[in-house]
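Commentary on secondary and tertiary structure
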Amino acid sequence: MLSAARTLLHLTAAAAQDRRHHRAAAVPSGEVQSWLDTLHRQGFVVVPNFYSVAECVALRAEIDRILTQYPTTTEHLPDDDRIYGAERVSPLISAYHADARLVALADAFHQAPTLNLFTLANRVRPVPGGLGSGGGWHRDSVHQRQLKTLLYLTDVQEGTGAYQYVAGSHRPADLLRLTRAGQVAFNQNRLTEAEIAEIVAHGHGPGAYRQHTVTAPAGTLVITDTRGLHRGQPLTHGVRYALTNYFFARHHLSAGSEARFRKLFVDR
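Residues numbered from 1 in each chain as written. Predicted model: local features only at pLDDT ≥ 70, side-chain atom pairs only at ≥ 80, totals over all residues. Heavy atoms only, no water.

Re the pairing of strand β3 (residues 80-84)
The cut-off we apply is this: Remark: exposure states derive from per-residue accessible area (1.4 Å probe, protein chains only) relative to the maximum for the residue type, with buried under 20%, exposed over 50%, and partly exposed in between. Per the convention used, a helix needs a DSSP run of H or I reaching at least four residues, while a strand needs a run of E reaching at least two, with both numbered from the N terminus. For two strands to be treated as a pair, DSSP must find at least two bridges joining them.
The element β3 is largely enclosed, with a buried count of five among its five residues. Residues of β3 alternate between two faces, with Asp80, Arg82 and Tyr84 on one and Asp81 and Ile83 on the opposite face, all of them buried. One ladder, built from two bridges, connects strand β2 (residues 75-76) with β3; its direction is antiparallel. Each bridged residue has a counterpart across the sheet, and for histidine 76 the counterpart in β3 is aspartate 81. Remark: three residues form the turn of the hairpin made by β2 and β3, two consecutive strands paired antiparallel. By the bridge criterion, five bridges tie β3 to strand β4 (residues 114-124) in an arrangement that is antiparallel. Looking across to β4, one finds that tyrosine 84 is bridged to leucine 120.

In structure tokens, the structure reads:
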């Protein structure tokens, strides 16, 4: 009961903060509006052919170049090589970072001043016991809205790092419902596979949840509300390259949290 009360308090405070900083965004194009509608409804959107195969080949080469050129300022996990702020050292990645359609989407999603703080470029490999991109099931922000856009640079199938998402788990009412049911604790952002299976198995009615696995070719964009439960599936074979934009409403980004991210940037 206490966990649910604390969750409700924080959700209410975040919503009030959003209202205080509300700024109506320009009306998005029909394409961007359709993404936004789907995003609100299920928490993620899959956009095919956002980039061409040739562009993906070039971007993979850029990631390999940066990892070689900046070995001490990139992060090397057992199964995941990560470049924070990759747009700062690559014009090709910078073009994705500044894509006007994605900026318009973020503005419309947050309805407030928005910042694309950085683009993460990563290369994930199969390693025994590896957790995949993101380190297992999680949610980036528990109470505050947050938007990420993930671009597959390789063909992604089961076992090669597919993005997985529990549709419906992003909505404030469902965040509260899961806490009241004792399926997640207050402010819990990491979950086990067993906990995810329990949530999916016992959702019903308006609280029904479905786990999606996004298998798609290179060039596919995945837009996601990262309050929802998600992960990059652990790899059993192959290598997965991807780019991810991290959009924040400026009023949700404290000076301290921004500084912590900037300490990871590749050109620090």
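Moving on from the model shown.
Some remarks on the sheet that holds strand β1 (residues 44-47)
Basically, it comes down to this: Residues count as neighbours in contact if any of their non-hydrogen atoms are within 4.5 Å of one another. To obtain each axis, a line is fitted to C-alpha atoms, and for helices this fit is confined to the stretch in contact; angles are then taken between N-to-C directions over 0 to 180 degrees.
Pairing is antiparallel across the open sheet formed by seven strands, whose spatial order is β1-β8-β5-β10-β4-β3-β2. On the outer flanks of this sheet lie β1 and β2, each paired with one strand and no other. The strands touched by helix α3 (residues 53-69) within the sheet are β2, β3, β4, β5 (147-152) and β10 (240-249), with β10 carrying the most contacts at an inclination of about 85°.

Overview of the packing of aromatic side chains
Both the distance between ring centres and the angle between the ring planes are used here to describe each pair of aromatic rings. Stated precisely, the cut-off is as follows: Two rings from Phe, Tyr or Trp (for Trp, the six-membered ring) form a pair when their centres are within 6.5 Å of each other. A pair whose planes differ by under 30 degrees is stacked, one over 60 is edge-to-face, and the rest are tilted. By definition here, charges over rings are those cases where NZ of Lys or CZ of Arg is within 6 Å of the ring centre and within 35 degrees of the ring normal.
Counted under the stated rule, the structure contains 10 aromatic pairs. Summarising the aromatic geometry, the rings of tyrosine 84 and phenylalanine 118 are spaced 5.7 Å apart at their centres and angled 55° between planes, so their arrangement reads as tilted. One end of the pair, tyrosine 84, is in strand β3; the other, phenylalanine 118, is in strand β4, with 34 residues separating them in the sequence. We note that tyrosine 84, like phenylalanine 118, is buried. Measuring from centroid to centroid gives 5.1 Å for phenylalanine 118 and phenylalanine 261, while their planes differ by 45°, and the two rings are tilted. Here phenylalanine 118, found in strand β4, pairs with phenylalanine 261, found in helix α8 (residues 255-262); they are 143 residues apart in sequence, far enough to count as distant. Pairwise contacts between aromatic rings join Tyr84, Phe118, Tyr246, Phe248, Phe261 and Phe265 into one cluster. Sitting above the plane of the phenylalanine 109 ring, arginine 145 keeps its charged end 4.1 Å from the centroid.

A few points about the pattern of salt bridges
Rules: Each salt bridge in this description consists of a side-chain nitrogen of Lys or Arg and a carboxyl oxygen of Asp or Glu lying within 4 Å of one another.
Scanning the entire structure with this criterion turns up 14 salt bridges. When the shortest N-O distance is used, the salt bridge between arginine 125 and aspartate 81 registers 2.7 Å. With arginine 125 in the loop between β4 and β5 and aspartate 81 in strand β3, this residue pair connects regions lying 44 residues apart in the sequence. Residue classification places arginine 125 among the partly exposed positions, given a relative accessible area of 25%. With a closest N to O distance of 3.0 Å, aspartate 140 and lysine 148 form a salt bridge. Look at lysine 148 and you get buried, because its relative accessible area is 9%. Among the charged side chains, a salt-bridge network with shared partners connects Asp64, Asp81, Arg123 and Arg125.

So, the packing of helix α2 (residues 30-42) against helix α5 (residues 100-110)
The test is simple: Angles below 35 degrees are treated as roughly parallel, those above 145 as roughly antiparallel, those between 65 and 115 as roughly perpendicular, and all remaining angles as oblique. Should the near helix be turned anticlockwise from the far one by less than a right angle, the crossing is termed left-handed; should it be turned clockwise, right-handed.
Running from N to C, α2 and α5 point in directions that differ by 45°, and their axes come no closer than 10 Å. Of the possible angle classes, the one that applies to α2 and α5 is oblique. Like other packed secondary-structure pairs, α2 and α5 cross with a definite hand, here right-handed. Residues Glu31, Val32, Trp35, Leu36, Leu39 and His40 of α2 form the contact with α5, whose own contacting residues are Arg101, Leu102, Ala104, Leu105, Ala108 and Phe109.

Some remarks on the packing of helix α1 (residues 2-20) against helix α6 (residues 172-180)
Two elements in contact, α1 and α6, have axes separated by 8 Å at closest approach and are oriented at 165°. With respect to α6, the axis of α1 lies roughly antiparallel. Along this stretch, α1 crosses α6, giving a crossing that reads as right-handed. For the pair formed by α1 and α6, the contact residues are Ser3, Ala4, Thr7, Leu8 and Leu11 on the first element and Pro172, Leu175, Leu176, Thr179 and Arg180 on the second.

Overview of the side chain of histidine 252
To be explicit about the condition: Side-chain atoms alone can form a polar contact between residues adjacent in sequence; in general such a contact is a pair of N or O atoms within 3.5 Å, and within protein one must be able to donate a hydrogen while the other accepts it.
If you trace the backbone, histidine 252 turns up in the loop between β10 and α8. Polar side-chain contacts of histidine 252 include one of 3.4 Å to the side chain of histidine 251. If sequence neighbours within four positions are ignored, histidine 252 has contacts with Ala14, Gln17, Asp18, Gln144 and Arg145.

Remarks on α2
The condition that has to hold: A helix is expected to reach a length of 1.5 Å times the quantity of its residues less one. Taking the helix axis as origin, the arc is that swept by the directions to the C-beta atoms.
A rise of 1.5 Å per residue sets the reference length of α2, with its 13 residues, at 18 Å; its end C-alpha atoms lie 19 Å apart and thus fit the reference within 8%. Inspection of α2 places Val32, Trp35, Leu36, Thr38 and Leu39 among the buried residues, and these make up the whole buried set. End-on, the buried residues of α2 take up no more than an arc of 170°, which puts them together on one face. In α2, the exposed residues that point more than 90 degrees away from the buried face are Gly30 and Arg41. Of the surrounding secondary structure, the elements contacted by the buried residues of α2 are β1, α5, β5 and β8 (221-225). Positive backbone phi, at 95°, marks glycine 43, one or two positions downstream of α2.

Everything listed here is a matter of coordinates, which is why it stays silent on function.
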